[in-house]
Amino acid sequence: MTGLRVEGVYKVFGRRPNEAVKRLRDGSSREDVRPWGTAAVIDADLEIRSGETFVVMGLSGSGKSTLIRMLNGLLKPTAGRVVLGDDDLSAVSAAQLRSIRQRKVSMVFQHFALLPHRTVRDNAAYPLALQGVDKAERRRKADEALEMVGLGQWGDSLPHELSGGMRQRVGLARALAADTDILLMDEAFSALDPLIRREMQDQLLELQQSLGKTIVFITHDLNEAMYLGDRIAVMRDGRVVQVGTSEQILSAPADDYVAQFVADVDRTRVLTASSVMRRPAAVAFAGGGPRLALRTMRDAQVAAAYVVDRARVLRGIVRDADAVDATRAGKDTLHGLIDDSLTSVSVDTPLAEVFAPAAESPLPVPVTDDKGRLVGVIPRAILLEAMVPPETSTPAQGTPVAESATPLLDGGPAAPLSVPGLPEEPAPAAPDAHAADASTAAPTAGRTDNPTEVRA
Ligand SMILES: Nc1ncnc2c1ncn2[C@@H]1O[C@H](COP(=O)(O)OP(=O)(O)OP(=O)(O)O)[C@@H](O)[C@H]1O
Ligand SMILES: [Mg+2]
């Protein structure tokens, strides 16, 4: 397997890149050198180990894509070196670079451009065709890669017959078929629906267990970074400001910018609803009538179903008893049966704020997207499970779940306090100074300054 080294790398776009680098080296800022060019990557030093999943995160424009494109020689650094295994990419010929790119590095992009008129198999085999591999071998390797990503049956289909998530799997299969040691993934899952995205993340982790590739994964999603990354590099304005495990970054952010990424530090705030949600067991269509709703509940063996309209927007829930009554009364619509008092949360609601609705409701808390569409649910058991120390769930990963029960205990009751517009309950008059201290301290405990770190 092959690792990667990035040594003092700069990339400046513009008219006088070398002048800009000289000035940056002399201490000028990115803004100072604007007249000479855009400094996309500034003095980056990274050692990406063979077999690790290395995540690069940072705000838009921080230089992530520019950096990853220098790793496979698509872009040439203005200064510095990229060393891939034993090859210094800046020192090899164009022909050598092409060959290194074909044999050693594959790239998976956000919007994977599949060839629309070629079969899924041919799409997966595409890099092998470029490598000049013979037809039978191409077919064998492509089918093997499709099998790995769960698309073994789809080789003869055309891309348009596949869902978005499946197409992205073809993109992944294509990279796997090339059988390169290094996989570069630039926002590879960002265009996918949250649940599909979660499945892809799980699949990548699973594949990585057996394949042990060197993966450089770019994302601006902290959940994804923490879930996938053995180590994470945080970029800001072209510079790598911190490299570390998710634990290290959570517990000792290098500066305010990084601290902002891991805002409030409490892990129940780092994980969001989308990272733990599951598929709802029963969903009834608002226009479908009580009989259909009942059948859905019966099939799923549940006593209530979530009701959505034609656009999948969540309307509420319907209970089995109400649907039975309505059916007996000969009603053919769910009108009047829908209970809309259930609190839903959005995909990016921090888990800390899911505890309150979960405690109120006997049903899993519905999760909706920015258009109010039902995208998943969070059963209470799943919520609690997400707080269990990492040893018992995913031992190999620096999973951002709480490492002790403390954040859960503090995170739960604290949540209702943050409901905007709700007047806080006045605290009972404190009988003495000591009690007053305790009551004012309570809401912030377990957030920034609670030393819950328990490192093995
Ligand atoms: N080909 C180019 N020519 C000129 N400027 C560029 C070019 N590519 C990138 N830049 C600039 O370099 C900076 C870094 O861009 P880059 O695409 O690497 O950021 P990013 O972190 O990948 O952002 P995003 O999250 O939006 O994808 C930006 O200011 C961008 O405008
Ligand atoms: Mg980018």
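Given the structure is predicted, the values throughout are model-derived calculations rather than measurements. (Residues numbered from 1 in each chain as written. Chains lettered and ligands numbered in written order. Predicted model: local features only at pLDDT ≥ 70, side-chain atom pairs only at ≥ 80, totals over all residues.)

## Re the overall build of the protein chain
Part 1 of the reasoning: Of the regular secondary structure elements, the protein chain holds 18 helices and 16 strands.
Part 2 of the reasoning: With 456 residues in all, the protein chain has 41% of them scored as buried.
Part 3 of the reasoning: Taking the contacts inside the protein chain whose residues are at least 6 apart along the sequence as the reference set, 65% of them involve residues at least 24 apart. (Helix = DSSP H or I, 4+ residues; strand = E, 2+ residues; numbered from the N terminus. Buried ≥ 20, exposed ≤ 12 C-beta atoms within 10 Å, placed from the backbone. Contact = placed C-beta atoms within 7 Å.)

## Considerations on helix 2 (residues 64-71)
Part 1 of the reasoning: For helix 2, a buried count of seven out of eight residues is recorded, marking the element as mostly surrounded by other parts of the structure.
Part 2 of the reasoning: Turning to helix 2, its buried residues are K64, S65, T66, L67, I68, M70 and L71.

## Examining the environment of D339
Part 1 of the reasoning: Structurally, D339 can be placed in the loop between helix 14 (320-328) and strand 14 (345-346).
Part 2 of the reasoning: The exposure class assigned to D339 is partly exposed, which follows from the 14 C-beta atoms found within 10 Å.
Part 3 of the reasoning: When the C-alpha positions of D339 and V307 are compared, they lie 9.1 Å apart, and in sequence the two are 32 residues distant.
Part 4 of the reasoning: Other than its neighbours up to four places away in sequence, D339 contacts G316 and I317.

## Some thoughts on the packing of helix 4 (residues 120-130) against helix 5 (residues 135-148)
Part 1 of the reasoning: At a closest axis distance of 8 Å, the pairing of helix 4 and helix 5 adopts a crossing angle of 120°. Looking at the two axes, helix 4 sits oblique to helix 5. Helix-helix and strand crossings are classified by hand; for helix 4 and helix 5 the assignment is right-handed. Touching V120, R121, A124, A125, L128 and A129 of helix 4 are R138, R139, K141, A142, D143, A145 and L146, all from helix 5. (Axes fitted to C-alpha atoms, helices over the stretch in contact; angles between N-to-C directions. Parallel < 35°, antiparallel > 145°, perpendicular 65-115°, else oblique. Left-handed = near helix turned anticlockwise from the far one by under 90°.)

## Structural notes on the pairing of strand 3 (residues 53-58)
Part 1 of the reasoning: The buried fraction of strand 3 amounts to six of the six residues, a majority that puts the element mostly inside the structure.
Part 2 of the reasoning: When strand 3 meets strand 8 (residues 214-219), the two strands line up parallel, connected through five bridges. Of the residues in strand 8, the one forming a bridge with V55 is F217. (Pairing = 2+ DSSP bridges.)

## Digging into the sheet that holds strand 8
Part 1 of the reasoning: Read from one edge of the open sheet, six strands run 6-7-8-3-9-10, paired in mixed fashion. The open sheet is flanked by strand 6 (105-108) and strand 10 (239-244), the only strands paired with a single partner. Across this sheet, the average inter-strand angle for adjacent strands is 20°, counted without regard to direction.
Part 2 of the reasoning: Both strand 9 (residues 231-236) and strand 10 contribute to a ladder of five bridges, which runs antiparallel. Paired with I232 across the strands is G244, a residue of strand 10.
Part 3 of the reasoning: Across the sheet, helix 2 lies against strand 3, strand 7 (182-186), strand 8 and strand 9, angled at about 160° from strand 8, the strand it touches most.

## Looking at the site of ligand 1
Part 1 of the reasoning: Looking at ligand 1, the residues that line it are F13, T38, A40, G58, S60, G61, S62, G63, K64, S65, T66 and H220.
Part 2 of the reasoning: For the shell around ligand 1, the secondary structure elements donating two or more residues are strand 2 (38-48) and helix 2.
Part 3 of the reasoning: Sort the elements by how many residues they give to the shell around ligand 1 and helix 2 lands first, with three residues.
Part 4 of the reasoning: Considering only residue class, the shell around ligand 1 consists of two nonpolar, nine polar and one charged. (Near = placed C-beta within 6 Å. Nonpolar A, V, L, I, M, F, W, Y, C, P; charged D, E, K, R; others polar.)

## With respect to the pairing of strand 4 (residues 79-84)
Part 1 of the reasoning: As defined by bridge partners, strand 1 (residues 4-13) adjoins strand 4 across five bridges and the pair is classed as antiparallel. When the bridges of strand 4 are listed, V6 appears paired with V82.
Part 2 of the reasoning: Two elements, strand 4 and strand 5 (residues 87-88), share two bridges in a ladder whose sense is antiparallel. From the neighbouring strand, L84 faces strand 5, where its bridge partner is D87.
Part 3 of the reasoning: Here strand 4 folds back onto strand 5, and the loop between the two strands holds two residues, one of which, G85, carries a positive phi near 60°.

## Topic: the packing of helix 5 against helix 6 (residues 164-177)
Part 1 of the reasoning: The contact between helix 5 and helix 6 brings their axes to 8 Å, and the two run at 130°. Classified by the interaxial angle, the pair formed by helix 5 and helix 6 is oblique. Helix 5 and helix 6 meet at a crossing whose hand is right-handed. Contact with helix 5, carried on its side by K141, A142, A145, L146 and M148, involves A173, L176 and A177 of helix 6 and no other residues of that element.

## Quick word on the nonpolar core
Within soluble globular proteins, side chains that are nonpolar generally end up buried alongside one another.
Part 1 of the reasoning: In this structure, V56, A124, L146, A173, A177, L184 and V216 are the most contacted members of the largest nonpolar core, which totals 75 residues.
Part 2 of the reasoning: Among all residues touching A177, those that are not within four sequence positions of it are A124, A125, P127, L128, K141, A142 and A145. (Core = buried A, V, L, I, M, F, W, Y, C linked by C-beta atoms within 7 Å.)

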